[in-house]
Amino acid sequence: MLDVRGVSVRYGDLQALWDVTFAVRAGELVAIIGPNGAGKTTILKTILGLVRPAAGSIDFRGAPLTRYPPYDRVARGIALVPEGRRIFPNMSVRDTLELGAYTAGRRADLRPRVERVYDLFPVLASRQRQAAGTLSGGEQQMLAIGRALMADPALLMLDEPSLGLAPVVIDHLYDRLGELKGRGLTILLVEQYVAGALELADRAYVLETGRIVREGAGHELLADDYIQKTYLAL
Amino acid sequence: MRRWAAGGLQGLAVAAGAGLLLALPQVATRDIVTAVFFALIFITLAVSYDILGGFLGYLNLGQGAFFGLAGYVLFILIVKVAFLQHLGPAGPALAVLAAVAFTALFARLAAYPLFQLRGAYFAMATFGLMLLLGHLITNLGGLTGGAYGLYIPTELYLPLRPAYTLALLLTGLSVALNALLARSRLGMGLQAIRQSELAAAAIGIDLFRYKSRALVLSSLPSALAGCLFALYSGYIDVQNMLGAEKTLFPVIMAMLGGSGTVFGPVLGGVIVRAIDVSLKNYLVLPVPALGIYGLILMCIGLFMPQGILPFFLRRRL
């Protein structure tokens with residue numbers, strides 16, 4: 001579904017990505033793990049079109065993406081849950097969700113979509129009139145995911161959904177991600193929470209200082225010596 | 001129920017205010033009507049400024065550029081295009097339409113360079129744009145009258161009474177525009193951009209298109225206000241059309257009353273103009289009027305950083 005080939009990204013003199021190549025097949029959950037500053041967020045921003053690659057190509061559903069601006073890529077079925085949630089603090093939960101379906105157009109019937117999000121995260125239904133800024137961290141993350149799902153994406157990209165959340169909340173979120181995966185949604189997950197991400201992922205890539213240094217099935221990497229020593233402190 | 005009651009109360013207050021203002025010329029002195037006319041002009045500037053400042057969260061220090069540019073285009077057309085002077089009232093009306101259209105086009109084109117910038121850089125660039133316009137007008141003397149300014153024939157002056165009524169209508173339309181915008185798809189998109197550009201892009205909003213639409217929409221009432229002001233004055237120069245107060249007062253008014261709310265800029269405008277008029281005409285103080293403004297702004301910033309209206313609305317909830 002998504003084919004990233006030889007992508008390099010530069011921020012001025014600084015090269016953030018070096019010849020990054022990876023793929024996400026339909027129905028897969030692929031994780032990209034790595035330390036701070038490895039370039040994980042840059043990969044997602046490049047896929048969404050917020051950052052222009054200096055070299056390389058990105059294909060989505062068989063067609064090259066590089067020429068399209070971000071809003072066209074969203075309309076083509078790519079959704080991003082940004083790092084740090086980036087909810088709209090003054091907007092109600094319900095309004096946020098409806099705005100998430102922005103690309104569906106003004107006449108679309110959004111109720112079934114909203115209901116699907118409430119089924120996944122029932123707590124959002126009980127908070128629907130509340131301003132998003134008053135939600136807890138975990139609820140904000142659920143809202144950010146719900147907002148992305150409202151666009152009915154073919155590919156859901158998540159940027160460190162576990163950031164700043166309590167372990168029990170992370171467990172709950174990952175259960176929901178597993179549920180989405182079970183429904184056949186294609187997911188690209190960027191994480192520093194390596195154990196959880198590898199457990200859930202079909203396949204994973206390890207990104208360090210802008211280069212992919214390892215790849216494999218989630219459970220393989222989980223058992224890998226290097227990963228265990230560097231990321232899991234085992 | 002309470003929400004309905006509050007909405008009804010607000011509607012009643014607006015209707016009562018509009019009725020009072022409409023009746024004002026029948027009962028008040030010429031001085032007071034003139035003062036309210038100027039207040040309405042400034043309130044329109046503040047309300048239209050707030051489309052960018054409040055909804056989109058971009059500090060536009062060049063709102064006065066739309067005001068001044070429209071006034072100049074209007075006068076240049078009236079002075080240089082001879083047949084417009086022989087059409088009666090239709091002449092100036094046509095010229096106003098052309099001036100507003102030109103200003104909107106200017107706003108659309110200015111969007112390209114301006115929205116490459118954010119935050120303080122955007123604010124500086126908008127201010128610079130207005131200064132640039134002032135310099136251009138000063139130096140293109142053949143067209144603009146340069147430092148001497150431009151006059152229109154006295155029979156084309158807009159008398160106070162119709163000018164006042166038109167200003168009242170314009171202010172009402174400007175407020176209505178913001179109220180509609182607050183509920184529209186465009187308005188929701190602008191508020192999303194204000195709260196997070198990244199998230200707004202991630203849900204598929206075309207950031208540039210939305211920002212430039214906001215800029216063009218905000219230019220329209222300001223341009224009309226510039227035309228009204230110019231037609232009433234009968235004389236324009238860089239100082240009265242593009243002076244710094246045309247661009248700074250709207251910002252102060254919106255912030256004071258409550259940026260991002262529909263009636264905040266109106267309230268702020270009333271307060272600032274009331275202070276201004278009383279300081280200049282009625283109270284004689286040993287300190288300059290600007291010192292008083294500064295003091296008020298500091299107090300608002302310290303105690304009501306969201307502005308007066310949000311402060312009291314939150315209190316009630």
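Given the structure is predicted, the values throughout are model-derived calculations rather than measurements.

## Some details on the overall build of chain B
Next, step 1: Scanning chain B from terminus to terminus reveals 15 helices and 2 strands.
Next, step 2: Its C-alpha atoms give chain B a radius of gyration of 20 Å, within 12% of the compact-globule value 20 Å for 317 residues.
Next, step 3: Across the 317 residues that make up chain B, the buried fraction comes to 50%.
Next, step 4: The contacts of chain B with a sequence gap of at least 6 include a subset with a gap of at least 24, amounting to 75%.
Next, step 5: As displayed, chain B has an accessible area near 15200 Å², and 72% of this comes from carbon and sulfur atoms.
Next, step 6: Across chain B, the 19 positively charged side chains and the 8 negatively charged ones have centroids separated by 13 Å.

## With respect to the sheet that holds strand β1 (residues 2-11) of chain A
All names here are of chain A.
Next, step 1: Within the open sheet, the 4 strands sit side by side as β2-β1-β4-β5. Their pairing is antiparallel. In this open sheet, the two edge strands, each paired with only one partner strand, are β2 (14-24) and β5 (63-64).
Next, step 2: Here 2 bridges tie strand β4 (residues 55-60) to β5, and the two strands are oriented antiparallel to one another. Across the sheet, F60 pairs through a bridge with A63, a residue of β5.
Next, step 3: Across the face of the sheet, helix α1 (residues 40-48) comes into contact with β1, β2 and β4 while running at roughly 70° to β2.

## Focus on the side chain of B:N178
Residues and elements named next belong to chain B.
Next, step 1: Take N178: it is sitting in helix α7 (residues 160-183).
Next, step 2: What makes N178 buried here is its relative accessible area of 0%.
Next, step 3: Within the local environment of N178, its side chain forms a polar contact with the backbone oxygen of V47, the two atoms lying 2.9 Å apart.

## Remarks on a nonpolar patch on the surface
Next, step 1: Together, B:F83, B:L87, B:L94 and B:L97 make up a nonpolar patch on the protein surface, roughly 410 Å² of accessible area in all.
Next, step 2: Position of B:F83 among the secondary structure elements: in the loop between α3 (63-80) and α4 (90-114).

## What about the interface of chain B and chain A?
Next, step 1: Tallying the contact residues gives 17 residues for chain B and 20 residues for chain A.
Next, step 2: It is B:R185, B:L198 and B:I203 in chain B that bury the most area against chain A; as a group they hold 36% of the surface buried on that side.
Next, step 3: Remark: the boundary between chain B and chain A carries 0 salt bridges.
Next, step 4: Taken together, the connections running from chain B to chain A amount to 4 residue pairs in polar contact (both at pLDDT 80 or more).
Next, step 5: Ranked by residue count, the leading element in the side of chain B that touches chain A is helix α8 (residues 185-195) of chain B, at 6 residues.
Next, step 6: Taken together, the residues that form the side of chain B that touches chain A break down as 10 nonpolar, 4 polar and 3 charged.

## Here we look at α3(B)
Next, step 1: The first and last C-alpha atoms of α3(B) sit 26 Å apart over 18 residues, in line with the 26 Å expected at 1.5 Å per residue.
Next, step 2: For α3(B), the buried fraction is high: 15 of the 18 residues fall into the buried class.

## Here we look at the nonpolar core
Next, step 1: Counting 92 residues, the largest nonpolar core has B:L74 and B:I205 as the members making the most contacts within it.
Next, step 2: When residues of this core are assigned to their parent elements, the largest contribution, 13 residues, is made by helix α10 (residues 207-233) of chain B.
Next, step 3: Among all residues touching B:I205, those that are not within four sequence positions of it are A:Y71, A:Y102, B:G189, B:A192, B:I193, B:A200 and B:Y210.
Next, step 4: Listed in part, the 46 residues of the second largest apolar core include A:Y118, A:L135, A:L143 and A:A148.

## Section: the sheet that holds strand β9 (residues 203-208) of chain A
Strand pairing in a sheet is mediated by backbone hydrogen bonds. Such pairs are either parallel or antiparallel.
Residues and elements named next belong to chain A.
Next, step 1: Spatially, 6 strands are ordered β6-β7-β8-β3-β9-β10 in an open sheet, and the strand pairing comes out mixed. Each edge of the open sheet carries a strand with a single partner, namely β6 (78-81) and β10 (211-217). Each adjacent strand pair in this sheet contributes to an overall mean axis angle of 15°, direction not counted.
Next, step 2: Bridge count for strand β3 (residues 29-33) against β9 is 4 bridges, and the pairing is parallel. Note that in β9 the partner of I32 across the bridge is Y205.
Next, step 3: The sheet contacts of helix α6 (residues 137-149) involve β6 and β7 (155-159), and relative to β6 the element is tilted by about 170°.
Next, step 4: Across the sheet, helix α7 (residues 167-182) lies against β3, β7 and β8 (186-191), angled at about 150° from β8, the strand it touches most.

## Here we look at the pattern of salt bridges
Residue and element names in this part refer to chain A.
Next, step 1: A full pass over the atoms with the stated rule returns 17 salt bridges over all chains.
Next, step 2: For R5, the salt bridge is made with D3, and the minimal N-O distance between the two is 3.9 Å.
Next, step 3: Here R111 ties to D109 by a salt bridge, and the two come within 3.4 Å at their closest N and O atoms.
Next, step 4: Residue R111 is classed as exposed on the basis of its relative accessible area, which comes to 55%.
Next, step 5: What you see here is one network of salt bridges that share partners, running through D3, R5 and D59.

## Looking at a positive patch on the surface
Next, step 1: A cluster of like positive charges, contributed by A:R106, A:R107, B:R209 and B:R213, occupies part of the molecular surface.
Next, step 2: Considering the arrangement of structural elements, one finds A:R107 in the loop between α3 (93-100) and α4 (111-120).

## Things to note about the side chain of B:D237
All names here are of chain B.
Next, step 1: You can see D237 is positioned in the loop between β2 (235-236) and α11 (238-242).
Next, step 2: It is K246 that comes nearest to the buried, bridge-free D237 among opposite-charge side chains, at 8.3 Å.
Next, step 3: Here Y235 takes part through its side chain, which lies 3.1 Å from a polar atom of the side chain of D237.

Conventions and cut-offs
- Residues numbered from 1 in each chain as written.
- Chains lettered and ligands numbered in written order.
- Predicted model: local features only at pLDDT ≥ 70, side-chain atom pairs only at ≥ 80, totals over all residues.
- Heavy atoms only, no water.
- Helix = DSSP H or I, 4+ residues; strand = E, 2+ residues; numbered from the N terminus.
- Rg over C-alpha atoms; globule rule 2.2 N^0.38 Å.
- Buried < 20%, exposed > 50% of the residue type's maximum accessible area, 1.4 Å probe, protein only.
- Contact = heavy atoms within 4.5 Å.
- Areas by Shrake-Rupley, 256 points an atom, 1.4 Å probe, with all protein chains shown as cover.
- Lys, Arg positive; Asp, Glu negative; His and termini not counted.
- Charge placed at Lys NZ, Arg CZ, Asp CG, Glu CD.
- Pairing = 2+ DSSP bridges.
- Axes fitted to C-alpha atoms, helices over the stretch in contact; angles between N-to-C directions.
- Polar contact = N/O pair within 3.5 Å; in protein donor to acceptor, adjacent residues only side chain to side chain.
- Patch = residues over 30% accessible without salt bridge, like charges linked within 9 Å, V, L, I, M, F, W, Y side chains within 5 Å.
- Salt bridge = Lys/Arg side-chain N within 4 Å of Asp/Glu carboxyl O.
- Buried area = accessible area lost by both parts, 1.4 Å probe.
- Nonpolar A, V, L, I, M, F, W, Y, C, P; charged D, E, K, R; others polar.
- Expected span 1.5 Å × (residues − 1).
- Core = buried A, V, L, I, M, F, W, Y, C linked by side-chain atoms within 4.5 Å.

This is a description of form; function is not addressed.
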